[in-house]
Amino acid sequence: MRDFEASGVRVGRFNTLQVVKLVNFGCYLDGGPDGEILMPAKYMPQGLAVGDDVRVFVYYDSEDRLVATTETPLAQVGQLACLMVKQVSGPGAFLDWGLTKDLLVPRGEQRDAMVAGRSYVVYVFQDEASGRIAATQKFARFLDNVMPRYEEGDEAHAIVTDLTPLGYKVAVDNLFTGLIYESDVYKPLAVGDSLKVYVKKVREDDKLDVSPNPIGFAKSFDVADRVVEMLRNSGGELAVGDKSNPELIKNLFECSKKSFKMAIGNLYKKGVIEITPRGIKLIEPKGGNSSRRK
């Protein structure tokens, strides 16, 4: 396989390349040691001229030639995504990944026999032997290969990959295996969901415990903002308080009762709300400040 990383052309990712030649069917871009790369006319931005730099996604066409496009794929090499199967044939399953050419999941890279019309979480990779871009359901080998460098409370991106008895297994930042515990989830999650998470802990095995909710005091202020917003949308008063059923609080504010009590305690101390026999009442003056810390 040619070393595209060393040559500067990153196959399966976005590159900024220079236009070196215009032709009636498109233009050619400078691919360095790997020669000129065609971008068909239908993908060319209007007014593109020789010498211009253009940001393009580089991949192989159906004839195994490098081509460039300004289309945006649903995932690049090194990323996970939940993609739908368009068709299944001898070589494997072909996924819709937002480009003209579909993305192949070879049969040997499938955990289960894929079915047309269904969506699956896959990892996009470049095959070391052929250089072609493909996808796999067996992506564990691509995760946890570097040391996680997170602190408690750090934000990250996650995609749900599996359901477990403890909660939801996730891939974090396309690099690490993580777990969201069921007790931290206040609205349903499904395999394939993408979401922002917060690091709770880096375990001894370098796996991550993460949560969709901010950690500690940050979480309290996040919930406080939700409480104030709901009060404003409800005419300034809600029949809910620290004696309310935990399930009601979970459904209304997507948080635990403990987090809710901490949030309304902070709001009360700041003079934003009043505790009433019926629940809570907004006393923030019109044009008042947000509940978030200064």
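Quick summary incoming for the structure in this document. (Residues numbered from 1 in each chain as written. Predicted model: local features only at pLDDT ≥ 70, side-chain atom pairs only at ≥ 80, totals over all residues. Heavy atoms only, no water.)

1. Quick look at the overall build of the chain
Move 1: A tally of regular secondary structure across the chain gives four helices and 18 strands.
Move 2: For the C-alpha atoms alone, the extent of the chain along its principal axes is close to 75 × 45 × 35 Å.
Move 3: Out of the 294 residues belonging to the chain, those deemed buried represent 43%.
Move 4: Contacts in the chain between residues at least 24 apart in sequence constitute 54% of all its contacts with a sequence separation of at least 6.
Move 5: Charged side chains of the chain number 39 positive and 40 negative; the gap between the two group centres comes to 7 Å. (Helix = DSSP H or I, 4+ residues; strand = E, 2+ residues; numbered from the N terminus. Buried < 20%, exposed > 50% of the residue type's maximum accessible area, 1.4 Å probe, protein only. Contact = heavy atoms within 4.5 Å. Lys, Arg positive; Asp, Glu negative; His and termini not counted. Charge placed at Lys NZ, Arg CZ, Asp CG, Glu CD.)

2. Considerations on the sheet that holds strand β18 (residues 280–282)
Move 1: Ordered in space as β16-β18-β17, the three strands form an open sheet in which the pairing is antiparallel. Looking at strand neighbours, the two that pair on one side only are β16 (237–238) and β17 (273–275), the edges of this open sheet.
Move 2: Bridging between β17 and β18 involves three bridges; their strand directions are antiparallel. When the bridges of β18 are listed, isoleucine 273 appears paired with leucine 282. (Pairing = 2+ DSSP bridges.)

3. A closer look at the side chain of threonine 161
Move 1: Within the element layout of this structure, threonine 161 appears in strand β11 (residues 155–164).
Move 2: For threonine 161, a relative accessible area of 4% gives the class buried.
Move 3: Dropping the residues within four chain positions of it, threonine 161 is found in contact with Arg111, Val121, Phe139, Lys169, Val170, Ala171 and Val191.

4. Let's talk about the pairing of strand β4 (residues 53–60)
Move 1: Burial analysis of β4 places six of its eight residues in the buried class, which makes it a mostly covered element.
Move 2: Across five bridges, strand β1 (residues 14–23) lies against β4 in antiparallel orientation. Counterpart to leucine 17 in the pairing with β4 is valine 54.
Move 3: As defined by bridge partners, β4 adjoins strand β5 (residues 66–69) across four bridges and the pair is classed as antiparallel. Among the inter-strand pairings, tyrosine 59 is bridged to a residue of β5, identified as valine 67.
Move 4: In textbook terms, the turn of a hairpin is the stretch between consecutive antiparallel strands, and for β4 and β5 this stretch comprises five residues, one of which, aspartate 64, has a positive phi near 60 degrees.

5. Quick word on the nonpolar core
Move 1: Counting 37 residues, the largest nonpolar core has Leu29 and Met39 as the members making the most contacts within it.
Move 2: At six residues, β4 tops the list of elements feeding residues into this core.
Move 3: Of all hydrophobic cores here, the second largest spans 18 residues; its members include Phe260, Ile264, Val272 and Leu282. (Core = buried A, V, L, I, M, F, W, Y, C linked by side-chain atoms within 4.5 Å.)

6. Focus on the pattern of salt bridges
Move 1: With the rule as written, the count across this model stands at 13 salt bridges.
Move 2: Between glutamate 155 and lysine 196 there is a salt bridge, and its shortest N-O distance comes to 4.0 Å. On the criterion of sequence distance, the pair formed by glutamate 155 in strand β11 and lysine 196 in strand β14 (residues 194–202) is long-range, its members being 41 residues apart.
Move 3: Exposure remark for lysine 196: the relative accessible area of 46% places this residue in the partly exposed category.
Move 4: Taken together, the shared-partner salt bridges connect Asp61, Glu63 and Arg65 into one network. (Salt bridge = Lys/Arg side-chain N within 4 Å of Asp/Glu carboxyl O.)

7. A word on the environment of aspartate 205
Move 1: As for its placement among the helices and strands, aspartate 205 is situated in the loop between β14 and β15 (208–211).
Move 2: Sequence separation between aspartate 205 and glycine 131 is 74 residues, and the spatial gap between their C-alpha atoms is 32 Å.
Move 3: There is a polar contact of 3.0 Å between the side chain of aspartate 205 and the backbone nitrogen of lysine 207. (Polar contact = N/O pair within 3.5 Å; in protein donor to acceptor, adjacent residues only side chain to side chain.)

8. Examining the side chain of asparagine 15
Move 1: Relative to the helices and strands, asparagine 15 resides in strand β1.
Move 2: Of note is the side chain of asparagine 15, whose polar atom sits 3.0 Å from the backbone oxygen of arginine 13.

9. Focus: the sheet that holds strand β13 (residues 176–181)
Each strand in a sheet pairs with its neighbour through backbone hydrogen bonds, running either in the same direction (parallel) or in the opposite one (antiparallel).
Move 1: Within the closed barrel, the five strands sit side by side as β11-β12-β13-β15-β14. Their pairing is mixed. Between one strand axis and the next, the sheet turns by 50 degrees as a mean value, whatever way the strands run.
Move 2: As defined by bridge partners, β11 adjoins β14 across five bridges and the pair is classed as antiparallel. When the sheet's bridge partners are listed, alanine 156 is paired in β14 with valine 197. (Axes fitted to C-alpha atoms, helices over the stretch in contact; angles between N-to-C directions.)

10. Remarks on helix α4 (residues 257–269)
Move 1: In a regular helix each residue adds 1.5 Å, so 13 residues correspond to 18 Å; α4 covers 18 Å between its end C-alpha atoms and thus fits that length.
Move 2: Within α4 the residues assigned to the buried category are Ser259, Phe260, Ala263, Ile264 and Leu267. Buried residues of α4 fall within an arc of 125 degrees about the axis and therefore sit on the same side. For α4, the exposed residues lying more than 90 degrees away from the buried face are Lys258, Tyr268 and Lys269.
Move 3: At the exit of α4 stands glycine 271, carrying a positive phi of roughly 75 degrees. (Expected span 1.5 Å × (residues − 1). Arc of directions from axis to C-beta.)

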